[in-house]
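# Residue-level structure breakdown
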Amino acid sequence: MSAAVSSRLPVFPWDRLTSYKSTASAHPGGIVDLSVGTPVDPVPELIRRALVAAADSPGYPAVWGTAELRNALTGWVERRLGAVAVAHENVLPVVGSKELVAWLPTQLGLGAGDRVAYPRLAYPTYEVGARLCGAEPVAYDDPTDLDPAGLKLLWLNSPSNPTGRVLPRDELIRVVAWAREHGVLVFSDECYLELGWDAEPVSVLHPDVCGGTYEGVVAVHSLSKRSNLAGYRAAFIAGDAAVLAELLLIRKHGGMITPAPVQAATVVALGDDTHVAEQRARYAARRTALRAALEAHGFRIEHSEAGLYLWATRDEPCWDSVAHLAGLGILVAPGDFYGPAGDRFVRVAVTATDERVAAAVERLS
């Protein structure tokens, strides 16, 4: 039975990088791994203190989270996203955003005959989520060009992984209006929203976009990148209260619970802007150094106005670029991991340490 489910899924893309990782690792100076956007900097001390202080948590935590967590979530959504009148019913903690993306279509009751749409260049888990429940995955360039018949879930992703593209406010307004007109539920993956560089990302929960009502729209947010909490699996969704209420009931039955110490750490993380600004500065410096080095080496950078990646090309097949950089001891992700439209690009993460970024810059020069 398990094989029947796994047979619906594409090959796990990272397994295809194994030989290139071996090549890069053989470099005399060691590998510079820029293939995965995993945080490498320390978890801020105040967050670690909150986690430890809540370590004696022997009872089952609430799926909905503590009142303190819900206050922190609603407060942050209003303060940072510009949303208005956000109630506890408009927020729900989840066990990392990838879990949410992968299992959302299943939890929404989608299946054969339903369609799930996502950007043509996209995080692979959107497609995986559709395939896990037997729905039809549909890639789009402009979602309003889609046939809305059978379309039950529309994923937006701004800032984009992998391209770093930021959807303009007017485009978000147009797409949300179209989705509401056709009864299509919008989930907007905004996990990189606090990492705008050349453009200021806007949430679908901003009143300019949603008109002050959250009907039919939900935003997905994560603390993995902005607070170095990928290991904590701390994330949440915010928006349509009716959708979140249904998901809460399902998640209660499924035991999908954010651990109590992580809930306490999330409260502290969302209440502090200083560590976010410090981490932004680290990423900004690494991004500037890597971008200049890649461009001097003959790469062209497209989009990349936000997020933790540089979307780079030498106008050659992406695996040729992967092989070339692996020969320099630098591992990057091939663009076709994110769809066929990325087959002449590579995604370069800026999440390595300062020392490893400096090594990459030296090798590229």
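See above for the structure.
Quick caveat: nothing in here was measured; it's all calculated off a predicted structure.

### Structural notes on the sheet that holds strand β12 (residues 333-334)
Pairing is antiparallel in the open sheet, where four strands are placed in the order β9-β10-β13-β12. The open sheet has two free edges, formed respectively by β9 (300-302) and β12, since each of these has just one partner strand. The pairing of β12 with strand β13 (residues 346-349) spans two bridges and is antiparallel. The residue bridging Ala333 from the neighbouring strand is Arg347, located in β13.

### What about helix α9 (residues 241-254)?
Here α9 spans 20 Å end to end across 14 residues, near enough to the 20 Å set by a 1.5 Å rise per residue. Taken residue by residue, α9 has Val243, Leu244, Leu247, Leu248 and Arg251 as its buried positions. What you see down the axis of α9 is that its buried residues fit within an arc of 135°, all on one side. For α9, the exposed residues lying more than 90 degrees away from the buried face are Ala242 and His253. Buried residues along α9 sit against β2 (91-94), α5 (97-107), β6 (185-189), β7 (217-222) and β8 (235-239).

### Some points on the nonpolar core
Ranked by internal contacts, the top residues of the largest apolar core, which has 66 residues, are Leu34, Trp155, Phe187 and Ile237. Looking at this core element by element, the count peaks at five residues for helix α12 (residues 318-327). Excluding residues that lie within four positions of it along the chain, Leu34 makes contacts with Leu290, Ile330, Leu331, Val332, Arg347, Val348, Ala349, Ala352 and Ala360. Among the nonpolar cores identified, the runner-up in size contains 45 residues, and Leu146, Trp178, Leu193 and Val209 belong to it.

### As for the packing of α5 against α9
Two quantities define a packed helix pair, namely the angle between the helix axes and the distance between the axes. Running from amino to carboxyl end, α5 crosses α9 at an angle of 100°, the nearest separation of the two axes being 11 Å. Between α5 and α9, the interaxial angle falls into the category roughly perpendicular. Contacts between α5 and α9 involve Glu99, Leu100, Leu104 and Gln107 on the former and, on the latter, Leu247, Ile250 and Arg251. Across the contact of α5 with α9, the residue classes tally to four nonpolar, one polar and two charged.

### Some words on the environment of Asp33
Counting through the fold element by element, Asp33 comes out in strand β1 (residues 32-33). Taking the C-alpha atoms as reference points, Asp33 and Ala333, separated by 300 residues in sequence, lie 9.6 Å from one another. The residues contacting Asp33, other than those within four sequence positions of it, are Lys21, Leu331 and Ala352. In this structure the side chain of Asp33 is engaged in a polar contact, spanning 2.5 Å, whose partner is the side chain of Ser35.

### Brief notes about the pattern of salt bridges
Any two side chains of opposite charge can pair, on the condition that their charged atoms come close. The tally for this structure, following the rule as stated, stands at 22 salt bridges. Across the pair Arg300 and Asp315 runs a salt bridge whose closest N-O atoms are separated by 2.8 Å. Here the residue Arg300 occupies a position in strand β9, and Asp315 occupies one in the loop between β10 (309-313) and α12, the gap between them amounting to 15 residues. Relative accessible area serves as the criterion here: at 36%, Arg300 is assigned to the partly exposed category. Arg356 serves as the salt-bridge partner of Glu355, at 2.8 Å between the closest nitrogen and oxygen. You can call Glu355 partly exposed: its relative accessible area is 48%. Taking relative accessible area as the criterion, Arg356 reaches 18% and is therefore assigned buried.

### Some words on the layout of surface pockets
A volume near 1,000 Å³ is recorded for the largest pocket. What lines the largest pocket is a set of 43 residues, and nearest its centre among them are Trp14, Lys98, Tyr123, Pro124 and Thr125. Those elements that place two or more of their residues in the lining of the largest pocket are α5, β3 (115-119) and α6 (125-133). Of the residues contributing to the lining of the largest pocket, the split by class is 25 nonpolar, nine polar and nine charged.

### Focus: the pairing of strand β5 (residues 151-157)
Most of β5 sits out of view: six of its seven residues are buried. Note that β3 and β5 share three bridges and pair parallel. For Ala117, the partnering residue across the bridge sits in β5 and is Leu154. As paired strands, β5 and β6 are joined by five bridges and run parallel to one another. Paired with Leu156 across the strands is Ser188, a residue of β6. For the segment spanning β5, helix α7 (residues 169-181) and β6, crossover handedness is right-handed.

Reading the values: rules and limits
Within every chain, residues take consecutive numbers counted from 1 along the sequence as written. Given that this is a predicted model, residues contribute local features only at a pLDDT of at least 70 and side-chain atom pairs are listed and counted only at 80 or more, while totals for whole chains, interfaces and linings are drawn from all residues. With hydrogens and water stripped out, all remaining heavy atoms of the structure feed into the side-chain values. In short, DSSP must find at least two bridges between two strands for them to pair. Put simply, DSSP marks the helices as runs of H or I at least four residues long and the strands as runs of E at least two long, and each gets a number from the N terminus on. Expected helix span is taken as 1.5 Å per residue step, with the number of steps being one fewer than the number of residues. Only protein chains enter the accessibility calculation, which uses a 1.4 Å probe; a residue whose area is less than 20% of its type maximum is buried, one above 50% is exposed, and one in between is partly exposed. Along the arc lie the directions from the helix axis toward the C-beta atoms. Here a residue-residue contact requires only that any non-hydrogen atoms of the pair lie within 4.5 Å. What makes a nonpolar core is a set of buried Ala, Val, Leu, Ile, Met, Phe, Trp, Tyr and Cys residues whose side-chain atoms join them at distances within 4.5 Å. For helices, the axis comes from a line fit to the C-alpha atoms of the stretch in contact; other axes are also lines fit to C-alpha atoms, and the angle between any two N-to-C directions lies between 0 and 180 degrees. Every angle not falling under 35 degrees, over 145, or within 65 to 115 is termed oblique; those three ranges are roughly parallel, roughly antiparallel and roughly perpendicular. Residues are sorted three ways: Asp, Glu, Lys and Arg are charged, Ala, Val, Leu, Ile, Met, Phe, Trp, Tyr, Cys and Pro are nonpolar, and all the rest, Gly among them, are polar. Two N or O atoms count as a polar contact when they lie within 3.5 Å, although within protein this holds only if one can serve as hydrogen donor and the other as acceptor, and sequence-adjacent residues are included solely when both atoms are side-chain atoms. Salt-bridge detection follows one rule: a side-chain nitrogen of Lys or Arg within 4 Å of a carboxyl oxygen of Asp or Glu. Here a cavity means grid points, on a 1 Å grid over the protein atoms only, where a 1.4 Å probe fits yet cannot get out; a pocket means an open set of points with protein on both sides within 12 Å along at least five of seven lines; lining residues are those with an atom within 4 Å of a point. Grid points are joined across faces, edges and corners, and a volume is the space filled by probe spheres set on the points. When the strands point away from the viewer, a crossover counts as right-handed if the route from the first strand across the helix to the second turns clockwise.

Limitation: the analysis is restricted to geometry and does not speak to function.
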